[in-house]
Amino acid sequence: MATKSVDTPPTSPLLPSVVKNLPILPLREGVLFPNAILPMTLRRPGHIELVSGVGEGKQIGIVAQRDRSVEEPKPSDLLETGSVGLIHRILQTGDDHILVFCEGLARFRVIDFVSTQPQLIANVELLKDPETPRDAEAQALRDHLIETVKQVIAATPDLPDDMQITIANISHLGRLADFAGTILPGLSFPERQGLLSELNVVARLRRVDELALRELERIQLRQKIHIEAHGAITQAQREFYLREQLKAIRKELGEEEGNRKEIGELRQKLEAAGMPEHVKEEALKELNRLSALSPMSSEYGVARNYLEWMVSLPWSVSTGEAVDVTRAARVLDEDHYDLEKVKDRILDFLAVLQLKPGSKGPILCFTGAPGVGKTSLGKSIARALSRKFVRISLGGMHDEAEIRGHRRTYIGALPGQIIHGIRRAGANDPVFMLDEIDKLGHEFHGDPASALLEVLDPEQNFSFRDNFLDVPFDLSKVLFITTANQLDTVPDALRDRMEVLELQGYTEQEKVAIAFRYLIPRQTRENGLEMQDVEFSEEALRYIIRRYTREAGVRNLERCIGSVCRKQARRIAAGVHQKVEASEEILAQFLGPPKFRTEFEVSERTQRPGVAVGLAWTPVGGDVLFVEAGRMPGGNRGLTMTGQLGSVMQESVQAALTWVRSHGLLYGIDPEVFARSDIHVHVPSGAIPKDGPSAGVTVAVALISSLTGRRVKSDFAMTGEITLTGLILPVGGIKEKVLAAKRSGIRNVAIPTDNEANVKEDLKAEHLGDLQIHYVRTMEALAELVLLPAE
C-alpha cells in the first residue's frame, strides 16, 4: 500500500456527509485507509465488471468481507465500516484480472443497500475525524508513536528512509494513526480493520502505538536471534548456519519440545499397532535412532516415513466374519448369472474355511475372455466373506520393486504394491485381486513375475519381506485372486502356484438373461432414466448380440444398451417424453447400421470349392475361421501359405497337404496334379496373426475341395489337429468354438471324438439348441461328412 503527502487535503472534491448510490467493491482482506493509495488485483468477473463500469476518476466504496471464502458476498457478508476510494488507474494485466490503483478519501458506514443485483450499491454516511484537543496526553502519544515508527522504518529494509521525515511532519492525529496503520509491515487484516473502524482518534492513536511497539520488539528479537546464531558459527560450521537460526527461533518461541512430542506420538502408535514382537523390536530400534537425529537431517525424514508406514499397517486387524456358505452362495447368485462350475469351486473353498478357519486356501486364477466377469467375481467373493476388497492391475508392470518395494537407501523409496494394498484395505485379511497377471512385463530392472512367486505361495507368504519395511509381514490370511485372458504368457513356476478356474464365454441365451437382470437396470439408472422410459424386448437384445457384438463377454452388449439409453436421455432432455421400444429400426437409428452379418457371410463364402469353415480360439472368445485353398497349374513353387500363419499352423498346413497327397486316389485326385501345380493356402483377415494346430483338419478339407471341385457344406464348421496318418486329435477351447459357430448361424460342427467329454462337461442342451455336434476320429470320416457330391 502506498501513501500520499498526508498533511495535504485529498485530491477529490469536497465530499458531502451522505453519499447516495455508491458502488460497493467487496475485498477479501483488503483495508484502504484515508489518504493512502491501495493497489488491488481483481480476478472475480463481477468485480472487474463493476470497476470497469465505474471508470477512472470516479468514486467507489471499498468494504472487507467477514468471510474471505465467500465468492459472491451479499450485504450480510460485509463489514459495516469501509472507505470511499477514488479510482486513479485501471490496468489490464492479464486475460482474467486487472490492477486498480485506488486512493482513500474518507471512512464511511453503510446506511442501507439500494441494490444487490447485479452489483452492490449503497447509501453511506461519511465518518470524519473530530477535532482533537492537543492536550499533554495526546501530544505524548503522538511523540511516542512517531519515535517508534521511525525505529521500525530504520530497521525495515523495505521501507524508504524518507518516510521518517514524512511521519514527523504529520500534525493531524487521525492522519498520523492512519499513516502508521498503513506502513507497519506486521499488522494482520483484523488489526488494520480495527484501526479503520475506530472513530475515537485518541483511542486509535493509542492502539496503533501498541501495534508499532509490538512490531519494533519483533524486529529487535529477530535481530537478536540472528546475532546469537551468527555468534555460534565457526569457519568449519558455516554449512549449519540455517540450522542454528532455526534452533534459536524455536528456543525463543518455546517450541523446542515439538520434536519430543512427535517422538512420543509415534511411540504410542507403535505400542498400539499390534506388531509381532520381533517386528516391534525393529521398529523401536528405529524410533530410538530417530529421537537422536536432528529434524533437519536428511535421514530424519527417511526414518520418520519408515515408522509412519510401520504404525499404519494392519498387523493384527481383521475384518472377515465367520464364513457362511449359504450366504456366500446367495451373494454369488445375486451378482453373477450362470458360471456354475466356478461358483461350485469357490463354495468348496469357502466350505473348508468355514470348517477350518485357519486353513491355507489355494490361490485362485480366473482366466477367460474380457467381459465374462472375472474382476466382478472377486468383488462378490469379498462381499460374501464380509472382507475388504483390494485390486491392483499388473498390466505393463515391469519392475520387481513395484511388487517388493525399494530399499530405503534410495531417495523417495516406498513399499511395493502388495503392502500399499494391505494399507489401503486397513485389514490383514482382504480379498486381494491381482488383475491381468498375463500382461506382466520384465526388463533389466527385474522380473515382477518372479517376485510374485513368494506372494502367491501359501507356504512362504506368511513371512513376506518387503524391501522397504525389511521385516516379515504375514500374508497368509489374504485371499489372493488373479485374473488373466490367457495363460500362455504366465511363467510355469507362477502358474503352478495357482488353481486355474476358466470362465468361458456366454451363450446368446445367457447374454439375454444377463442383460435383463443386470445390464439394462444398471444402464437405465446410470443414464438418469426410469425403467418405463425405454424397453428392450428379447428379440431386440438378440438382434444387438448378433448384429452389433462379437464377443465372449457382455461389455460391448452393455455399451450398446448404454448408447440406446443415452439417446433416449437426450430425447427426454429435449422435451420429447415418449417411451422408446427397441426395434430394428430404432437400433439402426441409435447404433448405426449392423456391424456383423456372419450368418450370410458363411453361406456366401462357401459357394465355391476350396473354402472350408474352421473354428478358432482367441483371447476374446471363439471365432469362425475361413480357410481357402487354390491350385495354379504349371507352377514349380510348391506350397504357398499366406495370412500371417504362425510356425505351428504352417506345420499343420504341411501335414494336411501330405495327407491329401498320400490319400488323393481315394478322392479321384491325379498324383501328377501335385507335380504340375502350385498349391496356395490362404487364411483371410491377413492383418491378424494366427497360430495353433486346430485348423489342420480344416486345411485338409479345403485342399480336397479345391482339388476335386466338391464344395463344402455351407452349414458345417470343423476343428481338430491332423496327423500324417489321418487321425484327428483333440484340441482346446471347445465351448468357445461351439458358441462362435452358433453365433455365426452354423448348424453343424465336427469336432474330435476325444473332445466329447468337454462337450458334455461345458455345454448344456440350452447352449446347443438346434446345433448338431458330430464326433469324428479320422479324416476319411470327416471328408465324407462335410463334402458335397461332385457337380
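Residues numbered from 1 in each chain as written. Predicted model: local features only at pLDDT ≥ 70, side-chain atom pairs only at ≥ 80, totals over all residues. Heavy atoms only, no water.

Peer 1: How should the overall build of the protein be read in this particular structure?
Peer 2: Across its full length, the protein carries 29 helices and 25 strands. The globule rule puts the C-alpha radius of gyration for 791 residues at 28 Å, and the 42 Å found for the protein is more than 25% above it. For the protein, the proportion of its 791 residues judged to be buried stands at 48%. In the protein, 74% of the contacts between residues at least 6 apart in sequence involve partners at least 24 apart. Of the roughly 38100 Å² of accessible surface on the protein, 50% is carried by carbon and sulfur atoms. Of the charged side chains in the protein, 96 are positive and 110 negative; the average position of the first set lies 2 Å away from that of the second. (Helix = DSSP H or I, 4+ residues; strand = E, 2+ residues; numbered from the N terminus. Rg over C-alpha atoms; globule rule 2.2 N^0.38 Å. Buried < 20%, exposed > 50% of the residue type's maximum accessible area, 1.4 Å probe, protein only. Contact = heavy atoms within 4.5 Å. Areas by Shrake-Rupley, 256 points an atom, 1.4 Å probe, with all protein chains shown as cover. Lys, Arg positive; Asp, Glu negative; His and termini not counted. Charge placed at Lys NZ, Arg CZ, Asp CG, Glu CD.)

Peer 1: Would you explain the pattern of salt bridges in this entry?
Peer 2: A pair can form between side chains of opposite charge whenever their charged atoms are brought close. Scanning all chains against the criterion turns up 37 salt bridges. Its salt-bridge partner being Lys-341, residue Asp-762 comes within 3.3 Å of it at the nearest N-O pair. Of the two residues, Asp-762 sits in helix α27 (residues 756–762) while Lys-341 sits in helix α12 (residues 340–355), which places them 421 residues apart along the sequence. Since its relative accessible area comes to 48%, Lys-341 is described here as partly exposed. A cluster of three or more residues bridged by salt bridges with shared partners is formed by Glu-286, Arg-289, Glu-299 and Arg-408. (Salt bridge = Lys/Arg side-chain N within 4 Å of Asp/Glu carboxyl O.)

Peer 1: Explain helix α9 (residues 277–292) here, please?
Peer 2: Owing to its 3.6 residues per turn, the α-helix aligns residues three or four sequence positions apart on the same side. The terminal C-alpha atoms of α9, which comprises 16 residues, lie 23 Å apart, in line with the 22 Å expected from a rise of 1.5 Å per residue. For α9, every residue scored as buried is listed here: Val-279, Lys-280, Ala-283, Glu-286, Leu-287 and Leu-290. Seen end-on, α9 carries its buried residues on one side only, within an arc spanning 125°. α9 presents Glu-277, Glu-281, Lys-285 and Ala-292 as exposed residues on the side facing more than 90 degrees away from its buried surface. (Expected span 1.5 Å × (residues − 1). Arc of directions from axis to C-beta.)

Peer 1: I keep staring at the side chain of Glu-103 and nothing clicks. Help me out?
Peer 2: Along the chain, the position of Glu-103 falls in strand β6 (residues 98–115). We classify Glu-103 as buried; its relative accessible area is 1%.

Peer 1: Any chance you could explain the confidence of the model for the protein here in plain terms?
Peer 2: Low-confidence regions, as indicated by low pLDDT, have predicted coordinates that should not be scrutinised in detail. Per-residue pLDDT for the protein has a mean of 83; in total, 92% of the residues score no lower than 70. Note on residues 5–14: pLDDT is under 50 here. Beyond four places in sequence and across chains, it has 24 contacts. (pLDDT = per-residue confidence, 0-100.)

Peer 1: Please explain the sheet that holds strand β8 (residues 363–368) as it appears in this structure.
Peer 2: Through backbone hydrogen bonds, the strands of a sheet pair up, either in parallel or in antiparallel fashion. Spatially, β9-β10-β13-β8-β14 is the arrangement adopted by the five strands of the open sheet, whose pairing is parallel. Strand pairing shows two members of the sheet lacking a second neighbour, β9 (389–393) and β14 (498–503), which therefore form its edges. On average, each strand axis in the sheet is tilted by 20° relative to the strand beside it, whichever way the strands run. By the bridge criterion, four bridges tie β8 to strand β13 (residues 479–484) in an arrangement that is parallel. Residue pairing across strands places Thr-367 opposite Ala-484, the latter belonging to β13. (Pairing = 2+ DSSP bridges. Axes fitted to C-alpha atoms, helices over the stretch in contact; angles between N-to-C directions.)

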